[in-house]
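Reading the structure
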Amino acid sequence: MIELDDTDRALLRAMALDSTQSAGALGQKLGLSQPATWRRQKRLRDAGAIARQRLDLDVAALGFGVTVFLGISLAAKGRVSLADFERAVAAIPEVQTVQHVLGLYDYRLRVVARDLSDFERILRRRVMTLPGIGAVDANVLLSEERLPGPL
């Protein structure tokens, strides 16, 4: 675990809001020079605190108006069935996240679809045909608020 000071936390918060900002722009906001900001960013990346930078797409603007969270219970819970399930679910383009969890379900999936009939098609033709699939529970996302996290 990396030691973080208040400036590191402020830098991570600023980058979480907009990771496209240059080290110079971030430095101005934090009262640091561009080289000092760059060195902090490099240290945080090298330590693994910044795992990657990615593009956050607006799925609604791209025509995907429905997001559904699926709770998946596998029928058979052996190592082979887990690996087969994970490999097969990763090939479904509408599945945004796959979470292996403890509790009522074995997996939670975040699935996007154009509308409810598109989701039904994905559910019937792709999800329900996954290897080892048992019970499936669906929750349709009504609204979402992104929170800044623990920093």
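Structural notes on helix 1 (residues 6–17)
With 12 residues, helix 1 should reach 16 Å at 1.5 Å per residue; the first-to-last C-alpha distance of 17 Å fits that figure. Considered for burial, the residues of helix 1 that qualify are Asp 8, Ala 10, Leu 11, Leu 12, Ala 14 and Met 15. Packed against the buried residues of helix 1 are helix 2 (23–30) and helix 3 (34–46). Two or three places before Thr 7, at the opening of helix 1, Asp 5 has a side-chain oxygen 3.1 Å from that residue's backbone nitrogen.

A closer look at the packing of helix 2 against helix 3
Where helix 2 contacts helix 3, the two axes come as close as 8 Å, and the packing angle between them is 105°. As far as their axial angle goes, helix 3 and helix 2 are roughly perpendicular. Residue-level inspection shows Ala 23, Gly 24, Leu 26 and Gly 27 of helix 2 in contact with helix 3, the latter providing Gln 34, Thr 37, Trp 38 and Gln 41. Residues belonging to the contact of helix 2 with helix 3 are distributed by class as follows: 3 nonpolar, 5 polar and no charged.

Comments concerning the sheet that holds strand 1 (residues 66–74)
Adjacent strands of a sheet pair through backbone hydrogen bonds, lying either parallel or antiparallel. Judged by pairing direction, the sheet is antiparallel, and its 4 strands sit side by side in the order 2-3-1-4 without closing on themselves. With one partner strand each, in any of the chains shown, strand 2 (95–100) and strand 4 (133–140) form the two edges of the open sheet. Within the sheet, the average angular offset between the axes of one strand and its neighbour, ignoring direction, is 20°. Direction of pairing for strand 1 relative to strand 3 (residues 107–113): antiparallel, over a ladder of 7 bridges. Along strand 3, the bridge assignment pairs Val 66 with Ala 113.

Re helix 5 (residues 116–127)
Inspection of helix 5 places Asp 118, Phe 119, Ile 122 and Val 127 among the buried residues, and these make up the whole buried set. Mapping the buried residues of helix 5 onto a view down its axis gives an arc of 100°, with all of them on the same face. Pointing more than 90 degrees away from the buried face of helix 5 are the exposed residues Leu 116, Ser 117, Arg 124 and Arg 125. Summarising the contacts, the buried residues of helix 5 are in contact with strand 1, strand 3 and strand 4.

About the cut-offs
- Residues numbered from 1 in each chain as written.
- Predicted model: local features only at pLDDT ≥ 70, side-chain atom pairs only at ≥ 80, totals over all residues.
- Heavy atoms only, no water.
- Helix = DSSP H or I, 4+ residues; strand = E, 2+ residues; numbered from the N terminus.
- Expected span 1.5 Å × (residues − 1).
- Buried < 20%, exposed > 50% of the residue type's maximum accessible area, 1.4 Å probe, protein only.
- Contact = heavy atoms within 4.5 Å.
- Polar contact = N/O pair within 3.5 Å; in protein donor to acceptor, adjacent residues only side chain to side chain.
- Axes fitted to C-alpha atoms, helices over the stretch in contact; angles between N-to-C directions.
- Parallel < 35°, antiparallel > 145°, perpendicular 65-115°, else oblique.
- Nonpolar A, V, L, I, M, F, W, Y, C, P; charged D, E, K, R; others polar.
- Pairing = 2+ DSSP bridges.
- Arc of directions from axis to C-beta.

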